[in-house]
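Tertiary structure, described
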Amino acid sequence: MNSMQSESVVRAAGLTRIFRDFWRRPKVRAVDDVSFEVRRGEVFGLLGPNGSGKTTAIKMILGLLHPTSGSLEVLGRPPRDVRAKHELGYLPEESALYPYLSAEETLHFYGKLFDLPREERRRRVDQLVDMTGLAAARHRPVGEFSKGMTRRVGLAQALINDPALILLDEPTSGLDPLGRRQVKDIIRTLASRGKSVLVSSHLLAEIEDVCDRIAILYDGRIRASGALDELLEERQRYLLDLPAMPPAELEALLEDLAGRLGERPGLAHPRIDLERYFLDVVARARGGGGGEGAMAAYLSHSAEDGEGPGEARPDNA
Ligand SMILES: Nc1ncnc2c1ncn2[C@@H]1O[C@H](COP(=O)(O)OP(=O)(O)OP(=O)(O)O)[C@@H](O)[C@H]1O
């Protein structure tokens with residue numbers, strides 16, 4: 001692992017947030033003595049059931065909530081530092097958008113808030129509209145959008161300032177399988193260009209194939225954390241991948257293995273997951289096509305700025 005990738009962009013140690021009641025008596029330990037780090041160029045999953053403290057942790061990273069105790073550093077600065085905020089992108093659980101602005105106007109509005117010069121703003125809005133699959137709806141008011149389309153606008157908005165750290169609260173909620181795959185591909189590509197992405201979700205299976213490392217929160221505390229591959233790999237067993245072969249040959253092979261192992265190995269056909277099957281069916285139905293070109297254009301701009309370390313992925317990816 002090179003030094004760029006091991007660099008921490010979020011460093012939380014003993015982070016605690018207690019909410020108090022009206023009489024200022026401690027009420028809920030929403031985040032309780034939590035320590036973790038998010039490294040440059042990785043996708044970090046903050047997972048946990050409803051009410052486990054994910055949003056509270058994200059709000060502290062954003063500088064919107066003060067920790068009760070513990071330390072927190074974001075991009076090498078205290079989270080309340082305005083310079084840290086400039087390099088952050090945030091997709092909240094529910095995006096509050098101006099219903100009468102179109103998708104394009106919405107993105108221009110946020111681009112202006114970041115003081116992006118007009119030409120750059122135009123270029124980024126065009127790229128983001130394509131990348132998030134909103135090209136056909138770019139001139140429609142967002143008040144008319146479905147939940148999935150609103151989510152896409154929210155994601156584009158979170159990326160308008162080309163942030164180094166992107167916080168995504170339940171990014172796939174409300175999206176159909178195509179939209180989910182698209183968002184996950186965007187997340188992976190962002191990470192491959194050196195961006196750091198923190199994804200919070202209670203839909204574990206949905207983000208399993210996008211995270212490098214995870215922490216599982218329950219009742220405000222981290223119950224498990226580490227590289228996803230290491231956490232999920234069953235190191236005591238092996239799976240063997242065989243090509244198709246005549247039944248008699250297969251039987252002989254199994255017999256041979258059973259003799260050596262003292263047990264007959266299990267045998268099954270591999271299965272693709274339902275998401276991949278579904279996406280194949282839809283791709284065939286509509287004759288291919290996708291937003292990869294747009295994504296490449298958006299990201300090549302980031303690379304031009306010298307912000308990305310190329311195609312490198314963290315060692316544990
Ligand atoms: N402003 C607040 N005042 C009092 N309690 C709060 C406040 N915000 C959150 N909590 C409590 O803190 C705990 C953690 O909430 P949080 O919203 O961080 O969970 P979450 O993991 O994001 O949940 P979800 O998946 O439902 O969004 C919950 O018990 C919640 O009721």
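Before reading further, recall that the structure is shown in the block above.
The present account deals with the structure reproduced in this document. All figures in this text were calculated on a predicted structure; none of them were measured in a lab.

1. Quick notes on the nonpolar core
Grouped together as the largest cluster of nonpolar side chains are 59 residues, with contacts concentrated most on Ala156, Leu167, Ile187, Val197 and Val199. The contacts of Ile187, once residues within four sequence positions are left out, are Val43, Val197, Val199 and Val210.

2. Quick word on the site of the ligand
The ligand sits among 13 residues. The nearest are Phe19, Ala30, Asn50, Thr55 and Thr56. Taken together, the elements giving at least two residues each to the shell around the ligand come down to strand E2 (26-39) and helix H2 (54-61). It is H2 that provides the largest number of residues to the shell around the ligand, a total of three residues. Counted by class, the shell around the ligand contains three nonpolar, eight polar and two charged residues.

3. Observations concerning unusual backbone geometry
Here the phi dihedral of Asp33 falls at roughly 55°; this positive angle occurs in a residue that is not glycine. Residue classification places Asp33 among the partly exposed positions, given that 14 C-beta atoms sit within 10 Å. Positive phi outside glycine occurs at Asp115, with the angle close to 60°. Looking at the element boundaries, Asp115 is found in the loop between helix H4 (103-113) and helix H5 (118-131). A residue is classified by how many C-beta atoms lie within 10 Å of it, and Asp115, with 9 of them, is exposed.

4. Quick look at the pairing of strand E7 (residues 196-201)
If a strand is regular, its side chains alternate between the two faces of the sheet. In terms of burial, E7 is largely enclosed, as six of its six residues are buried. Across the two faces of E7 the burial is the same, with Ser196, Leu198 and Ser200 and Val197, Val199 and Ser201 all buried. With five bridges joining them, strand E3 (residues 43-47) and E7 adopt parallel strand pairing. Bridging from a neighbouring strand, Val43 pairs with Val197 of E7. Pairing of strand E6 (residues 165-169) with E7 involves five bridges; the strand directions are parallel. When the bridges of E7 are listed, Leu168 appears paired with Val199. Crossover E6 to E7 through helix H7 (residues 177-192) is right-handed.

5. Looking at the packing of H4 against helix H6 (residues 147-159)
Contact pair H4 / H6: the axes reach a minimum separation of 9 Å and the direction vectors enclose 25°. Looking at the two axes, H4 sits roughly parallel to H6. The handedness of the crossing between H4 and H6 comes out as right-handed. In contact with Ala103, Thr106, Leu107 and Tyr110 of H4, H6 contributes Val153, Ala156 and Gln157. For the contact of H4 with H6, the per-class residue count stands at five nonpolar, two polar and no charged.

Here is what the cut-offs are and how they apply
- Residues numbered from 1 in each chain as written.
- Predicted model: local features only at pLDDT ≥ 70, side-chain atom pairs only at ≥ 80, totals over all residues.
- Core = buried A, V, L, I, M, F, W, Y, C linked by C-beta atoms within 7 Å.
- Buried ≥ 20, exposed ≤ 12 C-beta atoms within 10 Å, placed from the backbone.
- Contact = placed C-beta atoms within 7 Å.
- Near = placed C-beta within 6 Å.
- Helix = DSSP H or I, 4+ residues; strand = E, 2+ residues; numbered from the N terminus.
- Nonpolar A, V, L, I, M, F, W, Y, C, P; charged D, E, K, R; others polar.
- Pairing = 2+ DSSP bridges.
- Right-handed = clockwise from strand over helix to strand, strands pointing away.
- Axes fitted to C-alpha atoms, helices over the stretch in contact; angles between N-to-C directions.
- Parallel < 35°, antiparallel > 145°, perpendicular 65-115°, else oblique.
- Left-handed = near helix turned anticlockwise from the far one by under 90°.

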